[in-house]
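Listed here are the chains, written in short residue letters.
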Amino acid sequence: MNLQAILALPWTHTLIAAVVAVAIALAIYRVGRAVLLRVTRPLPVVHTMVQAARAPASAVLPLMALQTVWQAAPDDLEFIGNIRHLNGLLLIVAVTWLIVRLIGGLADGIIARHPVDVADNMAARRILTQARVLSRTAMVVAVIIGAAMALMTFPGARQVGASLLASAGVIGIVGGLAAKPVFSNLIAGIQIALTQPIRIDDVLIVEGEWGRVEEITGTYVVLRIWDDRRLIIPLNYFMEKPFQNWTRNSSQLLGSVFLFVDYGMPLAPLRAEVERVVKAAPEWDGRFFNLVVTDATERTMQLRILCTAASSGLAWDLRCRVREGVIDFMQREYPQFLPRMRIEGEPGGARRERTGEGIGASALAQPGAL
């Protein structure tokens, strides 16, 4: 077959135009990418969006060029209708992909401008939470719209949609009940992003578990428990049930240590030791500490030590350090005033067990006696 015969084929000119259109589209993509990357370099957020859009843009531009060629082709070409439909579907998918990547790039650019690996990261965590939750919500909406547009290109899908609208009474009720958890979580995600009862890296007490917010998705929250377990909680939980947020307004915390000692324990040397241990601890933030007697039962005195730290993790370590230091001090200097079981002699040789507290003055004079 010679060249003239090939050129006389119905599809020849259309295919040549398609190849030329794709080549031009790829050339425009390469030049535009280089220009945009250079121009947006002083704008970190926009630059991140341009970088994120590179892959989908390389598909969108050629598909747009091909769609233009297919629409300009004669309607009597064999299979031209199917090719137009297929190219249109691919174009919808590519555009949806582009929009999702642009949304993700916008969120990543905003997050990069507010790093959370700093000492005072309250504002950064607030922005991180808003960017993550809102961007994922927007991505879900974009995917739903893209899928709806793709389905609307099928005549059968349009007929199904018309049938559903005609019987919207029953189907609407069933669909509403079935989609209630999805929409409630979606609305809860928007509420969390705007009102922010929780943020990324917040310390929470949920269902009796202590942990940090590791991730907030469009439907659930991942809470990293202190022993590296993960607690998965639906978003609407935080809109409907109470929970504790230890870092709602500030990451600083007041830690407490409770001890039980004998009534004979002098408090002055114990306060001096607490002051020494707390001031020597690197976890203490220098704001406050004290030791007070909070209760006096018939058996022991209850002592409470308060000390402050810059974060919940440091507060936990500081509490452990103070508790260990005070117990070690009492074991070395005042072991006789540690709580212990006593046996007191009774008249006539009888013996009665005591638990070291609330006994007679004779026993208190010898708190270490067995």
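Residues numbered from 1 in each chain as written. Predicted model: local features only at pLDDT ≥ 70, side-chain atom pairs only at ≥ 80, totals over all residues. Heavy atoms only, no water.

### Considering the pairing of strand E1 (residues 203–206)
Along a regular strand, successive side chains alternate from one face of the sheet to the other. Residues Val203 and Ile205 point to one face of E1 and Leu204 and Val206 to the other, with burial holding for every one of them. In this structure, E1 lies alongside strand E2 (residues 209–216), joined through four bridges in antiparallel fashion. Paired with isoleucine 205 across the strands is tryptophan 210, a residue of E2. Hairpin remark: E1 followed by E2, antiparallel, with two residues in the connecting loop; positive phi at glutamate 207, about 55°. Pairing analysis gives two bridges linking E1 to strand E5 (residues 244–245), with the strands arranged antiparallel. Bridge pairing links leucine 204 to asparagine 245 in E5. (Buried < 20%, exposed > 50% of the residue type's maximum accessible area, 1.4 Å probe, protein only. Helix = DSSP H or I, 4+ residues; strand = E, 2+ residues; numbered from the N terminus. Pairing = 2+ DSSP bridges.)

### What to know about the pairing of strand E8 (residues 301–309)
Within E8, eight of the nine residues are buried, leaving the element largely enclosed by the surrounding structure. Bridge analysis of strand E6 (residues 253–261) against E8 gives nine bridges, and the strand direction is antiparallel. Opposite leucine 253, over in E8, you have alanine 309 as the bridge partner. The antiparallel hairpin formed by strand E7 (residues 284–296) and E8 contains four residues in its connecting segment.

### Examining the pattern of salt bridges
The tally for this structure, following the rule as stated, stands at 14 salt bridges. The partner of glutamate 209 in a salt bridge is arginine 229, and the shortest N-O contact between them spans 3.1 Å. Taken together, the residues span a long stretch of sequence, with glutamate 209 in strand E2 and arginine 229 in the loop between strand E3 (220–225) and strand E4 (230–234) at a distance of 20 residues. For arginine 229, a relative accessible area of 40% puts it in the partly exposed group. Residue aspartate 328 is joined to arginine 332 by a salt bridge in which the shortest nitrogen-to-oxygen separation is 3.0 Å. (Salt bridge = Lys/Arg side-chain N within 4 Å of Asp/Glu carboxyl O.)

### Details of helix H11 (residues 312–333)
Side chains that are three or four residues apart share a direction in an α-helix, a result of its 3.6 residues per turn. With 22 residues, H11 ought to run about 32 Å at 1.5 Å a step, and its terminal C-alpha atoms sit 31 Å apart, in line with that. Among the residues of H11, Ser312, Ala315, Leu318, Val322, Gly325, Val326, Phe329 and Met330 are the ones counted as buried. End-on, the buried residues of H11 take up no more than an arc of 145°, which puts them together on one face. Across H11 from its buried face, at more than 90 degrees, point the exposed residues Trp316 and Glu324. Each element contacted by the buried residues of H11 is listed here: E1, E2, E6, helix H10 (267–280), E7 and E8. (Expected span 1.5 Å × (residues − 1). Arc of directions from axis to C-beta. Contact = heavy atoms within 4.5 Å.)

### Concerning the layout of surface pockets
By volume, the largest pocket is sized at about 270 Å³. Trp210, Trp246, Ser312, Trp316 and Arg319 are, among the 13 residues lining the largest pocket, the residues nearest its centre. Looking at the lining of the largest pocket, the elements with two or more residues in it are E6 and H11. For the lining of the largest pocket, the element with the highest residue contribution is H11, accounting for six residues. (1 Å grid on protein atoms, 1.4 Å probe; cavity = no way out; pocket = protein on both sides within 12 Å on 5 of 7 lines; lining within 4 Å. Points joined across faces, edges and corners; volume = space filled by probe spheres on them.)

### Let's talk about unusual backbone geometry
Phi angles above zero are rare outside glycine, and aspartate 201 is one such case at about 75°. You can see aspartate 201 is positioned in the loop between helix H8 (168–195) and E1. Look at aspartate 201 and you get partly exposed, because its relative accessible area is 31%.

### Focus on the packing of aromatic side chains
What the rule picks out here adds up to five aromatic pairs. Between phenylalanine 238 and phenylalanine 243 the ring centres are 5.0 Å apart and the planes differ by 90°, which places this aromatic pair in the edge-to-face class. Residue classification places phenylalanine 238 among the buried positions, given a relative accessible area of 5%. Pairing phenylalanine 329 with tyrosine 334 gives two aromatic rings, centres 5.9 Å apart and planes at 55°, and the pair type is tilted. On the accessibility criterion, phenylalanine 329 (9% relative accessible area) is buried. (Phe/Tyr/Trp six-rings, centres within 6.5 Å; stacked < 30°, edge-to-face > 60°.)

### Structural notes on the side chain of histidine 47
You can see histidine 47 is positioned in helix H3 (residues 44–52). The residues touching histidine 47, leaving out its near neighbours within four places in the chain, are Leu37, Thr40 and Arg41.

Everything listed is a geometric property; what it means functionally is a separate question.
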